[in-house]
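Fold and geometry: a report
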Amino acid sequence: MPLAVVTASHSPLMRTVEPRGDARTAVDAAFAQARAFAADFRPDLVVVVAPDHYNGMFYDLMPPFCVGTAAEAVGDYGTARGPLAVDREAARHVVREVLAADIDLAMSERMVVDHGFAQPLELLFGAIDAVPAVPVFINCVAVPFGPVRRTRRLGEALGRALLALDRRVLLLGSGGLSHDPPLPTLEGAPPEVAARLIAGRHPTPEERAGREARVRDAGLAVASGEPGPRLNPDWDRAFLDLLAEGRLTAADTWTNTWITAEAGNSAHEVRTWLACYAALATAGPYAMRGSFYRPIPEWIAGFGITTAETRRNP
Ligand SMILES: O=C(O)/C=C/c1cccc(O)c1O
Ligand SMILES: [Fe+2]
């Protein structure tokens, strides 16, 4: 059975901030192409590989990787709240097979997810519960991180587990590319912020609104002409080339310090893309069918969308 991949940056600011020029039109067109690609592929399972932003995963027990055998979205930034349509059997199969392949990962019977999962599901399929899904969390925000190669190996183990299912599986990677939204860090955080990062579940509506307003204001400030956030289009384009050319092991030499310095604290979200492409590569040579890129400072994102699938035999 073939595998297919769609990867897309996410940004909660897409809902509230209007970027300059034709960025919105261009992104809409790229998402329309990705939707058509996904519809054409006719997946019967979607494996969503995404990060969290201190909505579901906290420092009281932060796993590097986690598969949800059931999952619920918090409904941040206007995304839908409620359960994902998790294919429990497939999720349990993935957990078993990935562990058997020597990659440690956590499993959650009550995974809580945020816009990292919800936004691409809504943009690609119309709703968070529209397709049978297996949610795979990769920690891309809460330092420290393991080496990047470990994420690639997770992707390989994931790909082999999915091939054994003998189903039409689409991997949906969410996040990146270069970007640095104003997310707090544990190091040096004042006590009330540290408490939220350690166990900030169930914020009050006011707390959630305050947090979202801070990020939205950062985007609005850029839209009104203030200096933009640090993006790195050269780094982003080099990463897209690496994926397109199947040079995934080239990322094995990247250090986490280098990624942060070159592309920002949240650039580690590209791990989700790397895992998806490593999974795809286990089905044989692949072809990238679509590749879109724009630096969009108003959305605080080097914004990319790609589609790829197993190469068909001539
Ligand atoms: O505030 C958050 O939780 C995250 C916001 C954000 C902004 C821009 C790009 C991203 O990938 C984000 O997660
Ligand atoms: Fe993010």
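Here, every reference points to the structure presented above.
Attention in this report is confined to the structure presented alongside it. Source: prediction; values computed, not measured.

Glancing now at the sheet that holds strand S9 (residues 169-174). Pairing between the strands of a sheet is mediated by backbone hydrogen bonds and can be parallel or antiparallel. Spatially, eight strands are ordered S6-S3-S8-S2-S9-S1-S11-S10 in an open sheet, and the strand pairing comes out mixed. Of all strands in the sheet, those bounded by a partner on one side alone are strand S6 (106-108) and strand S10 (286-296). Neighbour to neighbour, the strand axes of the sheet diverge by 15 degrees on average, direction disregarded. Sheet analysis places strand S1 (residues 3-8) next to S9, joined by six bridges and oriented parallel.

Attention now goes to the site of ligand 1. Looking at ligand 1, there are 14 residues lining it, with His10, His53, Tyr77, His115 and His179 nearest. Note that an oxygen atom of ligand 1 is positioned 2.8 Å from one of the side-chain N or O atoms of histidine 53. In this structure, histidine 179 approaches ligand 1 through a side-chain N or O atom, which is 2.9 Å from an oxygen atom. Taken together, the residues of the shell around ligand 1 break down into seven nonpolar, five polar and two charged.

Every protein donor of the iron ion (ligand 2) is listed here as His10 (NE2), His53 (NE2) and Glu269 (OE), and their distances to the metal cover 2.1 to 2.2 Å. Sequence positions of the donors to the iron ion (ligand 2) reduce to the motif H-x42-H-x215-E. Remark: glutamate 269 occurs in the loop between helix H8 (256-263) and helix H9 (270-281) and histidine 10 occurs in the loop between S1 and helix H1 (23-41); sequence separation between them is 259 residues. Given the relative accessible area of 4%, histidine 10 is considered buried.

For H8, the set of buried residues is Asn256, Ile259 and Ala263. The buried residues of H8 occupy an angular sector of 70 degrees when the element is viewed end-on, so they sit on one face. Relative to its buried face, H8 has exposed residues pointing more than 90 degrees away, namely Thr257 and Ala261. Taken together, the buried residues of H8 touch helix H4 (148-165), helix H7 (233-244) and H9. Positive backbone phi, approximately 105 degrees, marks glycine 264, located one or two places after H8.

The next subject is the sheet that holds strand S7 (residues 111-113). The mixed open sheet is built from three strands, whose spatial order is S5-S4-S7. Edge positions in the sheet fall to strand S5 (81-83) and S7, since each of these pairs with one other strand and no more. Within the sheet, the average angular offset between the axes of one strand and its neighbour, ignoring direction, is 15 degrees. The pairing of strand S4 (residues 71-74) with S5 spans three bridges and is classified as antiparallel. Across the sheet, valine 74 pairs through a bridge with arginine 81, a residue of S5.

Thresholds applied
- Residues numbered from 1 in each chain as written.
- Chains lettered and ligands numbered in written order.
- Predicted model: local features only at pLDDT ≥ 70, side-chain atom pairs only at ≥ 80, totals over all residues.
- Heavy atoms only, no water.
- Pairing = 2+ DSSP bridges.
- Helix = DSSP H or I, 4+ residues; strand = E, 2+ residues; numbered from the N terminus.
- Axes fitted to C-alpha atoms, helices over the stretch in contact; angles between N-to-C directions.
- Near = heavy atom within 4 Å.
- Polar contact = N/O pair within 3.5 Å; in protein donor to acceptor, adjacent residues only side chain to side chain.
- Nonpolar A, V, L, I, M, F, W, Y, C, P; charged D, E, K, R; others polar.
- Donors = N, O, S within 2.8 Å, 3.2 Å for Na, K, Ca; no water.
- Buried < 20%, exposed > 50% of the residue type's maximum accessible area, 1.4 Å probe, protein only.
- Arc of directions from axis to C-beta.
- Contact = heavy atoms within 4.5 Å.

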